[in-house]
Amino acid sequence: SRATSGSLTEALAELGAHAVVEVLGSIDTLRPLAQDPKLASHAPKISRDESRIRWSASSDEIDRMVRAFDPVPGAETRLGGESVKIWVARPVEGNGEAGTVLSCTREFVVACGHGALRIDRLQRAGGKRLPADEFLRGFPMERTLRFESA
């Protein structure tokens, strides 16, 4: 599945709404059950450090990270000294030194610790989310540029 945190939240909200309606229809027959506090877990707020891409990770790990941090806070990296967020990416075949841009034609292909990542949509700080080909029109590159950890 190519789901993001945002798309999963929407799907779960829909399922939850149907479940609430169903439960309300049988509220008189329900028996409350106390939650076992030993089985509960706390989910701390996501820190900015967690949203920074480490290109030494595998392309699968980075792909999951990009989808997990969409829509908030966004997976962050640096390119040419600028902060950039990656919004749509997909693992592909490829290898090279982690962070190295292997291709930058209509999309970016970037080497990871294992495999490569095709980046299809990204955003400069203060800019709009753009398809990679539009991003590239406003960000001329040389093949030797690298993505770096933010």
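The structure this text deals with has already been given above.
Quick caveat: nothing in here was measured; it's all calculated off a predicted structure.

This part takes up unusual backbone geometry. Only a minority of non-glycine residues have a phi that is not negative, and only a minority of peptide bonds are not trans. Between Asp70 and Pro71 the backbone carries a cis peptide bond, its omega angle lying at 25°. On the secondary structure map, Pro71 appears in the loop between α2 (59-68) and β1 (75-79).

Right, let's talk about the nonpolar core for a bit. Judged by nonpolar contacts, the single largest core of 24 residues is most densely connected at Trp55, Ile62, Phe108, Ile119 and Phe147. Every element with two or more residues in this core is listed here: α2, β1, β2 (82-92), β4 (108-111), β5 (116-124) and α3 (132-137). Excluding residues that lie within four positions of it along the chain, Ile119 makes contacts with Trp55, Ile86, Val88, Ala89, Glu107, Phe108, Val110, Ala132 and Phe147.

Glancing now at the pattern of salt bridges. Between side chains of opposite charge, a pair can form as their charged atoms come close. With the rule as written, the count across this model stands at nine salt bridges. The residue Arg67 makes a salt bridge to Asp63 at a minimum N-O spacing of 3.3 Å. With Arg67 and Asp63 both in helix α2 and four residues apart, the pair spans about one turn of that helix. Accessibility expressed as a relative area gives 16% for Arg67, which makes it buried. In this structure, the salt-bridge partner of Asp120 is Arg118, at a minimum N-O distance of 2.9 Å.

Rules used throughout
Residues numbered from 1 in each chain as written. Predicted model: local features only at pLDDT ≥ 70, side-chain atom pairs only at ≥ 80, totals over all residues. Heavy atoms only, no water. Helix = DSSP H or I, 4+ residues; strand = E, 2+ residues; numbered from the N terminus. Core = buried A, V, L, I, M, F, W, Y, C linked by side-chain atoms within 4.5 Å. Buried < 20%, exposed > 50% of the residue type's maximum accessible area, 1.4 Å probe, protein only. Contact = heavy atoms within 4.5 Å. Salt bridge = Lys/Arg side-chain N within 4 Å of Asp/Glu carboxyl O.

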